[in-house]
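Chains, contacts and geometry: an overview
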Amino acid sequence: MFNQSSVQSATEAHPSPLRPERRADSRLVALHRAARAAVVIPATFAFSLLIIRDVQFTTFAVFGCFALLVMANFGGNRQPRAIAYVVTTLAGAVLVALGTLVSPYAPVGAIVMLVVGFALSFAGVFGGYLVAAQTALLLAFVLSVSISAPAAAAPARIGGWMLAGIVSTLAGLFVWPWFERTGLRRHAAEACAIAADLVEALHAGPSADQLASLQEKTRTAMEAMRSEYARTTMRPAGPTRRDRAFVELMTQLEEVVEVSERPLHGQGLWVRPCIDEGSRLEAATSVALRGSAAVLTGGKPPDIRAVVEARRAHRAALDRWAQDELRSGRDAEDVLLGIDVDHTLRVVAYIAVGLAANAVIAAGGHAHDKFPVPVSTPLLEGARGVGLRTVQTIRTHLEPTSTVLHSSVRVGVGLALAVLLARTLGLAHAFWVVLGTLSVLRSNALGTGRTAFEALIGTVMGFAVGGLFAFVAGKDPIVMWTAMPLVVFLASYASSAGGFVAGQAAFTLTVIVIFNLLAPTGWQVGLVRVEDVALGTGISVLVGLLLWPRGARHDLARSTSILYRAVTAYLHQAFDLVLSIDGAADVRRLRADAVRARERAGEAFDVFLNERGAKSLDPHLAGRILSAGNQALLAADLLVVVAADLSVKPSLCPDSVATVDAQVRTLLDGFNHLADDFEKEAHSGRSPEQPSVAALRSAAIDCMRRSQNDGDTAGAMAVVIAGEWVQNLTQLSASLEQPANATVDAAKIKWWR
């Protein structure tokens, strides 16, 4: 979650067996797209205008091509890309028909615009092709509902849109296509391969400098992967198994590095239990990570079962080792230190099981559904699996606090108001009012206001250049036809590589040329566009002021508060399960609540990153807060797994259980304290009490000694493991002081600043 770095240093230090490839430079991708648009769009426009000779047909053909080739620009391999183009074309045809039917009636058109705008905006939570198609589909409906026409015009409009779909599909598949997902998976594979080196080093016990160097290399590879993901036009996300699995894989890579940077034992304690099962577990984990790298690039899948069996064997061997050591008279504290050292490896191995399963699924394979993988791994296949994940995603983002819900309502209301005003006022180019509104709407009033200013500046610049060109060229069609490929190229390239102002200016210039070819009016069409965009931006500012104007940093603080409360409740029940403390709470329900809260917080973080303007909060600090919530969720997952694995409960040590439970409550009070600060957007002025490491270790040693006398240490392991995780999470909580203070301070800043 969460970025601008290069994988070069990691690649040099760790020569990869993977075939090198060109790095997907964003400007080179934009150049490919612009060149394709400059060839295809003018040719389609010429065919429609000179051969078909229907203005409605031509209008929808030329803007349909612009929508599908420039605004949508689907990525992926040829087969899924072709499906995306075809489905978007068909969906757009339905929207064109619907928009045309309601276009004569301004109030009805506004109501339908509200519903369509909200639905298409909200659909962005599913990521992937739905995000890529959003603007194109909105443009199809906006164009048809804003330009009033009788129902008899629908066939010509649909015909123009369908022609645009056919031409765009062929061009997208065969004219300078750029396959971004290949590079994205290769970056992920590189990160997996370097993470395998990191796991080997953790087990071998390197020097601090060696470990830090490997951690930095892994971080660099992951940052390259994240950067590639961020600029991919068709990002893997949403309810489909492969996309969901890739997102989970990236999160799990992050968790591997986080655990390695905060080992679950005291520093310098590299003397570990001398059991072969530990070395086998390390080897199986490293091989699985390298297998994950291989399967992402077309190789053989990892052996997930080997890691699962190695974890089970290691758990049993570690229990036997502890029992033997205690029987031989070794001090219980020394035994406890040995258990601590192998705990880090066990956690990394558990993460690696889920990571390997997600790598197999992301590559199009099938992971066995009986592996004890994290519940977030999308094992359920077919229509039922997609339907279940779709319902879960919708439920997550329909919460009243959801940033996606707010943004979708804002888009729907803004576009509906634009349609109503433009049509009621009888503006000749109502389409540009609605398009101007769509271009400017952002996550808060300040962002909308800044974008409105940029939109007007860009439009005026485009009008100045285009108006001068139209005045000089007059009504000479040869000059206009000659200029069209150039202005289309500029509009396409500037929209992705030149910034918002440049994109607005180039698009305005394109509009002047197109409309002068459709119906020569000279420079006046540019002036009309300036007026209409001014009205549209004004509507955007008004809607931004009225509907949730607070901004992304406030939503981030609030959603993070919800995340920490949900994770705290889940952790509480997980500790109770390990310690055999009676509890009636539903673990599955608590985890589902925590996962939904994690999704909402992740969504707020994405909005915060994408928000224009200076950041009052360092994105790295915000990401650290979110990452800590994910780590706490992982800890609860592991505790639930431990509780299921423990065959004997700590019934011999009621005093030790009570001591650990008291420290658990102290720990969770600290997380709730953070949640309070985030929710109130203010510092409470008090420092929460920290759990006592001495009390935890004393309780564990006491229970182990009692178990030593009884002859069975299995029950004591529950107290030992619970105490370890309290210490781990205490370290995590302590590391959040600076990020938490910065997040609260940023949230306190007034929304208009």
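Since the model is a prediction, treat every value here as computed from it, not as a measurement. (Residues numbered from 1 in each chain as written. Predicted model: local features only at pLDDT ≥ 70, side-chain atom pairs only at ≥ 80, totals over all residues. Heavy atoms only, no water.)

Along its length, the protein carries 27 helices and zero strands. Relative to its 753 residues, the protein shows a buried fraction of 59%. Within the structure as shown, the protein displays about 29,400 Å² of accessible surface, and the carbon and sulfur contribution to it stands at 61%. (Helix = DSSP H or I, 4+ residues; strand = E, 2+ residues; numbered from the N terminus. Buried < 20%, exposed > 50% of the residue type's maximum accessible area, 1.4 Å probe, protein only. Areas by Shrake-Rupley, 256 points an atom, 1.4 Å probe, with all protein chains shown as cover.)

Now for a nonpolar patch on the surface. A grouping of F47, L50, I51 and I52 is seen on the molecular surface, where their side chains present a nonpolar patch of about 360 Å² in accessible area. As for its position among the elements, L50 is in helix α2 (residues 26-52). (Patch = residues over 30% accessible without salt bridge, like charges linked within 9 Å, V, L, I, M, F, W, Y side chains within 5 Å. Salt bridge = Lys/Arg side-chain N within 4 Å of Asp/Glu carboxyl O.)

Moving on: the side chain of T58. Along the chain, T58 falls in helix α3 (residues 55-72). Aside from chain neighbours lying at most four places away, what touches T58 is F45, S48, L49 and L518. (Contact = heavy atoms within 4.5 Å.)

Time to look at the state of the cysteines. Applying the stated criterion to the full structure yields one disulfide. Across a sulfur-sulfur distance of 2.0 Å, C653 and C703 are joined as a disulfide pair. Taking the sign of the S-S torsion, 80° for the link of C653 and C703, the bridge is right-handed. Placement of the pair is C653 in the loop between α23 (619-645) and α24 (654-680) and C703 in helix α25 (residues 693-710), with a sequence separation of 50 residues. (Disulfide = S-S within 2.5 Å.)

Leaving glycine out, the prevailing phi sign among residues is negative, and the prevailing peptide bond configuration is trans. Of note in this structure, R53 is not a glycine but carries a positive phi near 55°. By the secondary structure assignment, R53 is in the loop between α2 and α3. Under the relative-accessibility criterion, R53 is labelled exposed at 67%.

Attention shifts here to the packing of helix α5 (residues 106-122) against helix α15 (residues 403-424). The contact between α5 and α15 brings their axes to 7 Å, and the two run at 155°. On the basis of the axis angle, α5 is roughly antiparallel to α15. As for the relative orientation of α5 and α15, their crossing is right-handed in sense. Of the residues contributing to the contact of α5 with α15, the split by class is 16 nonpolar, six polar and one charged. (Axes fitted to C-alpha atoms, helices over the stretch in contact; angles between N-to-C directions. Parallel < 35°, antiparallel > 145°, perpendicular 65-115°, else oblique. Left-handed = near helix turned anticlockwise from the far one by under 90°. Nonpolar A, V, L, I, M, F, W, Y, C, P; charged D, E, K, R; others polar.)

Chain-level pLDDT for the protein is 75 on average; 68% of the residues reach the 70-or-more range. Mean pLDDT across the elements of the protein bottoms out in helix α1 (residues 8-13) (31) and peaks in helix α7 (residues 154-174) (93). Across residues 1-24, where pLDDT falls below 50, the model places 52 contacts with residues more than four positions away in sequence or in other chains. (pLDDT = per-residue confidence, 0-100.)

Another point: the pattern of salt bridges. Per the stated rule, a full pass over the model turns up eight salt bridges. Two residues, D676 and R565, come together in a salt bridge whose shortest N-O distance is 2.4 Å. With a gap of 111 residues between them, D676 in helix α24 and R565 in helix α21 (residues 552-578) connect regions that are remote in the sequence. Residue classification places R565 among the partly exposed residues on the basis of a relative accessible area of 30%.

Helix length check: helix α13 (residues 332-362), at 31 residues, gives a terminal C-alpha distance of 45 Å against a target of 45 Å (1.5 Å per residue), a fit within 8%. Of all 31 residues in α13, 28 are buried; the element is thus mostly enclosed. (Expected span 1.5 Å × (residues − 1).)

Moving on to the packing of α3 against helix α4 (residues 78-102). Closest axis-to-axis distance for the α3/α4 pair is 12 Å, and the angle between their directions is 135°. Looking at the two axes, α3 sits oblique to α4. In the crossing of α3 with α4, the sense of the turn from one axis to the other is right-handed. Between α3 and α4, the contacting residues are F60, L68 and L69 on the first element and Y85, T88, T89 and V96 on the second. Here the contact of α3 with α4 is built from residues that sort into five nonpolar, two polar and no charged.

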